[in-house]
Amino acid sequence: MMQIETHVDRFVRNCWYVAGWADEISADNVLERTLLGESIVFYRAADGRIVALENRCCHRGAPLHAGRREGDSLRCPYHGMLFNAEGQCTEIPGQEMIPQRACVRSYQVTERDELIWIWMGEPAKADPGRIIRFEWHTDPAWRKKRSYLHYHAPYTLIVDNLLDFSHLTYVHSTTIGTPSTASTRAQVEPIEGGLKITRRYYNDRIQANRSSIATFQGPADRWQIYEWFAPSFVRLYTGSAPAGTGAHEGRLVPEAMQYRHCSVQTPETSTSTHYWFTHAANFKTETSEAIDVVFDGVSRAFKEDKDIIEVQQKALQSGRPFQPMNIAHDQALVLARRLIQRLLDEEAQPDGQKPAPAAFELAQ
Ligand code: FES
Ligand SMILES: [Fe+2]
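Residues numbered from 1 in each chain as written. Chains lettered and ligands numbered in written order. Predicted model: local features only at pLDDT ≥ 70, side-chain atom pairs only at ≥ 80, totals over all residues.

Draft legend 1. Examining the overall build of the protein chain more closely. Tallying secondary structure elements over the protein chain gives five helices and 17 strands in all. A compact globule built from 364 residues would reach a C-alpha radius of gyration of about 21 Å, and the protein chain, at 23 Å, matches this within 12%. For the protein chain, buried positions account for 36% of its 364 residues. Considering only residue pairs separated by 6 or more positions, the protein chain has 56% of its internal contacts joining residues 24 or more positions apart. (Helix = DSSP H or I, 4+ residues; strand = E, 2+ residues; numbered from the N terminus. Rg over C-alpha atoms; globule rule 2.2 N^0.38 Å. Buried ≥ 20, exposed ≤ 12 C-beta atoms within 10 Å, placed from the backbone. Contact = placed C-beta atoms within 7 Å.)

Draft legend 2. Molecular detail of the packing of helix α1 (residues 155-162) against helix α4 (residues 290-317). The geometry of α1 relative to α4 is characterised by a closest axis approach of 10 Å and an angle of 130° between their N-to-C directions. It follows that α1 is oblique to α4 by the angle criterion. For the element pair α1 and α4, the recorded crossing hand is right-handed. Of the residues in α4, those touching α1 at L157, I158 and N161 are D305, I309, Q312 and Q313. For the contact of α1 with α4, the class distribution of residues is three nonpolar, three polar and one charged. (Axes fitted to C-alpha atoms, helices over the stretch in contact; angles between N-to-C directions. Parallel < 35°, antiparallel > 145°, perpendicular 65-115°, else oblique. Left-handed = near helix turned anticlockwise from the far one by under 90°. Nonpolar A, V, L, I, M, F, W, Y, C, P; charged D, E, K, R; others polar.)

Draft legend 3. Region of interest: the nonpolar core. Judged by nonpolar contacts, the single largest core of 85 residues is most densely connected at I118 and A336. The greatest single-element share of this core, amounting to seven residues, is contributed by α4. Built from parts of two domains, this core gets at least three residues from each of domain 1 (16-130) and domain 2 (140-332). Once residues within four sequence positions are removed from consideration, I118 is found in contact with W16, Y17, A19, L35, A52, Y107 and V109. (Core = buried A, V, L, I, M, F, W, Y, C linked by C-beta atoms within 7 Å. Domains from an automatic or database assignment.)

Draft legend 4. Region of interest: the domain arrangement of the protein chain. According to the domain assignment, the protein chain consists of domain 1 (16-130) and domain 2 (140-332). Relative to domain 2, the C-alpha centre of domain 1 lies at a distance of 35 Å. Each side of the interface is counted separately: domain 1 has eight residues, and domain 2 has eight residues. Listing elements by their share of the side of domain 1 that touches domain 2, those giving two or more residues are β1 (16-21) and β2 (30-35). Of the residues forming the side of domain 1 that touches domain 2, the biggest block, four residues, is contributed by β1. Among the residues making up the side of domain 1 that touches domain 2, the classes are represented as six nonpolar, two polar and no charged.

Draft legend 5. Highlighting α4. Relative to the 40 Å expected for 28 residues at 1.5 Å per residue, α4 spans 41 Å between its end C-alpha atoms, a close match to the ideal helical length. Looking at α4, one finds that the buried residues are A290, I291, V294, F295, V298, F302, E304, D305, I309 and Q313. Structurally, α4 contributes buried residues whose contacts are with β11 (143-151), α1, α2 (168-171), β16 (257-269) and β17 (272-281). Count one or two residues on from α4 and you reach G319, which has phi positive near 75°. (Expected span 1.5 Å × (residues − 1).)

Draft legend 6. Inspection of the sheet that holds strand β13 (residues 194-204) at higher detail. Taken in spatial order, the seven strands make up an open sheet running β11-β17-β16-β15-β14-β13-β12, and their pairing is antiparallel. Unpaired on one side and paired on the other, β11 and β12 (187-191) mark the two borders of the sheet. For this sheet the average axis-to-axis angle between neighbouring strands, irrespective of direction, equals 15°. Looking at chain direction, β13 and strand β14 (residues 220-229) are connected through nine bridges and run antiparallel. Of the residues in β14, the one forming a bridge with D204 is A220. Each of β11, β14, β15 (233-242), β16 and β17 is contacted by α1, which is oriented at about 160° to β16, the strand it contacts most. Across the sheet, α4 is in contact with β11, β16 and β17; its angle to β11 comes to roughly 15°. (Pairing = 2+ DSSP bridges.)

Draft legend 7. Examining the pairing of β1 more closely. Among the six residues of β1, five are classified as buried, and the element is accordingly described as predominantly covered. Two elements, β1 and strand β10 (residues 115-119), share five bridges in a ladder whose sense is antiparallel. Paired with Y17 across the two strands is I118, which belongs to β10.

Draft legend 8. How the structure looks around unusual backbone geometry. In the segment running from A230 into P231, the intervening peptide bond is cis, with an omega of 0°. Within the secondary structure, P231 is located in the loop between β14 and β15. Phi at L36 is positive, roughly 50°, even though this residue is not glycine. Along the chain, L36 falls in the loop between β2 and β3 (38-44). Residue L36 is classed as partly exposed on the basis of its C-beta count, with 19 C-beta atoms lying within 10 Å. Not every positive phi belongs to a glycine, and E114 is a case in point at roughly 70°. Topologically, E114 is positioned in the loop between β9 (106-112) and β10. Judged by the 15 C-beta atoms lying within 10 Å of it, E114 is partly exposed.

Okay, structure coming up:
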């Protein structure tokens, strides 16, 4: 039976999470960010690579981000121990001998598609080939904008929201929703590491906030096709074309309007979440860049999501223990929770004693 958590106490660890935008870390700043309940300090070494260290000195636990940079090292603000980019202590003021265990944890970090990715799981399992790609972030054909939201809710409530677009009709009625969204059933199929969700609309209308940049008049065929990867990554392809011109069969006329979207969440704590998103368009109108208009609506819509999810979290925390009741639109949510649970179960097992893969089928 699916539970709905107001407090997530176990995180999937063996995956690459987003830690921020790559340009948040310059040559000389120090950034503190809490991810999966752990405070981490980030900075850039002289060779440009990003260093990520446990933000708690091994001596008395002072936060290292409040200390000072010394070349590629960081000096603790309390009693001055110096840590190199690998987290090893290289100097203890007033003491000759430096024990091997004088160190803080260092995390593997890499930059890809303008995002910082961090591995907080078993170090030997970190494979950068498993990072979820957002290739269009660096493709000049796609003009994009980006934003960040901080949520007072566990990441699982945001996953629920992203996996069921029927809420667009009600939460986003003046921005990105249309009456057709709630009445259209999504097609859900398993893919490696996640789900593919397809929504197609025939002879529909363009979303309210996009009419001013429409490249055509009249009814539209629209699509929302996205891949969700456990535990919390979405790659979304969406767009509209004049109705009946073959978009749903793979033929895109020049007036077709296409968008791509990236939504990633990283748990901050058991009850709070970092949410980074970008939205991109590959067309412009005579008077404006499409993305400027569209992003305004997307940002307002995402604020609408935050508002409903944070009040949902408060409601769930009050009263008697809550048991959700599933409806037809919840098919993807149920499958996603099952997949996340499977990953957690696998991580809880010692290597060599993996459970048999759980059935991961579409039947509810
Ligand atoms: S707490 Fe860092 S040197 Fe003492
Ligand atoms: Fe939404």
